[in-house]
Structure formats: structure tokens, C-alpha cells
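# Coordinate analysis (summary)
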Amino acid sequence: LMTLAAFKGIRKELSHYLSRLWHMHLVITGDDIIQMGADRGPIVGLILRRVMEAKADGKAETREEQLKLAEKFLVESDLISMEKLVLNDINSGRY
């Protein structure tokens, strides 16, 4: 019975979260992220998804806030990519 109650609680929270997101839209687009220097591809969708999550949490309401956050995520993704390249070079004996 406790498991069923917990499941219903999670289901209710998930339903509420999805109903909030269903009508939510970003002011920025993938084109904005590409103009920042991102390559076309999955990274653009990933950044948009992260900005949408921030908007759902009330942290990126305006275009300026969304652009700033997208730029932060783009820089983070570039740093991670660079780190992976360096580690690959180190592991392959290039350094």
C-alpha cells in the first residue's frame, strides 16, 4: 500500500511538471546558439533543453537571461570537449 501511495505521489508530481512544461516555450532558438559559435548538431538541442529546465525552475524568463545561460552552457561544453581531446592526446602518447 505504501508503494502504491508513493507511486501515486510521484505520478502526481510528474504530471504537474509535464503540464507546466507543455505550454512553455523559449524565447531563444537554435539559431541563436549557432550564432554564438556552436556547431549544428546535438549540442544545440542539449543546450536548449538545459535552458528550458532553467526556465521551468524560474531562472531564465527573459531573452537576455536565456541567452546568457545558453552561452554559459556552450562554454562549458567547449571546455569538456577540449578536456576530452587533451586526455585522448595524453593517453595516446602525443604529450
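Provided above is the structure to which this section pertains.
Residues numbered from 1 in each chain as written. Predicted model: local features only at pLDDT ≥ 70, side-chain atom pairs only at ≥ 80, totals over all residues. Heavy atoms only, no water.

What follows concerns the nonpolar core. In this structure, Ile33, Ile47, Val51, Leu69 and Ala70 are the most contacted members of the largest nonpolar core, which totals 13 residues. In this structure Ile33 touches Ala38, Val44, Ile47, Leu48, Ala70 and Leu74, once residues within four positions along its chain are discounted. (Core = buried A, V, L, I, M, F, W, Y, C linked by side-chain atoms within 4.5 Å. Buried < 20%, exposed > 50% of the residue type's maximum accessible area, 1.4 Å probe, protein only. Contact = heavy atoms within 4.5 Å.)

Below, the discussion takes up the pattern of salt bridges. Per the stated rule, a full pass over the model turns up three salt bridges. Here Arg63 ties to Asp32 by a salt bridge, and the two come within 3.0 Å at their closest N and O atoms. Of this pair, Arg63 sits in helix α4 (residues 63–91) while Asp32 sits in helix α2 (residues 30–35); the two residues are 31 residues apart in sequence, bridging distant segments of the chain. By relative accessible area, Arg63 is classed as partly exposed at 33%. Asp32 gets classed as buried once you look at its relative accessible area, which sits at 12%. The residue Lys72 makes a salt bridge to Glu76 at a minimum N-O spacing of 3.3 Å. One end of the pair, Lys72, and the other, Glu76, are both in helix α4, four residues apart, so they sit about a helical turn from each other. Here Lys72 falls in the partly exposed class, since its relative accessible area comes to 45%. A residue is classified by how much of its surface remains accessible, and Glu76, at 27% relative accessible area, is partly exposed. Look at the salt bridges and you will find they share partners, linking Arg50, Lys72 and Glu76 into a network. (Salt bridge = Lys/Arg side-chain N within 4 Å of Asp/Glu carboxyl O. Helix = DSSP H or I, 4+ residues; strand = E, 2+ residues; numbered from the N terminus.)

Here the focus is the packing of helix α3 (residues 42–56) against α4. Interaxial distance between α3 and α4 falls to 9 Å at its minimum, and their mutual angle equals 135°. Taken together, the axis directions place α3 and α4 in an arrangement best described as oblique. For the element pair α3 and α4, the recorded crossing hand is right-handed. Of the residues in α4, those touching α3 at Ile43, Ile47, Arg50, Val51, Ala54 and Lys55 are Gln66, Leu69, Ala70, Phe73, Leu74, Glu76 and Ser77. (Axes fitted to C-alpha atoms, helices over the stretch in contact; angles between N-to-C directions. Parallel < 35°, antiparallel > 145°, perpendicular 65-115°, else oblique. Left-handed = near helix turned anticlockwise from the far one by under 90°.)

Tracing the sequence through the fold places Ala70 in helix α4. As for Ala70 and Ile28, which are separated by 42 residues in sequence, their C-alpha atoms are 9.0 Å apart. Residues within four places of Ala70 in sequence aside, it is in contact with Ile28, Ile33, Met36, Ile47 and Val51.

All we've got here are geometric facts, nothing functional implied.
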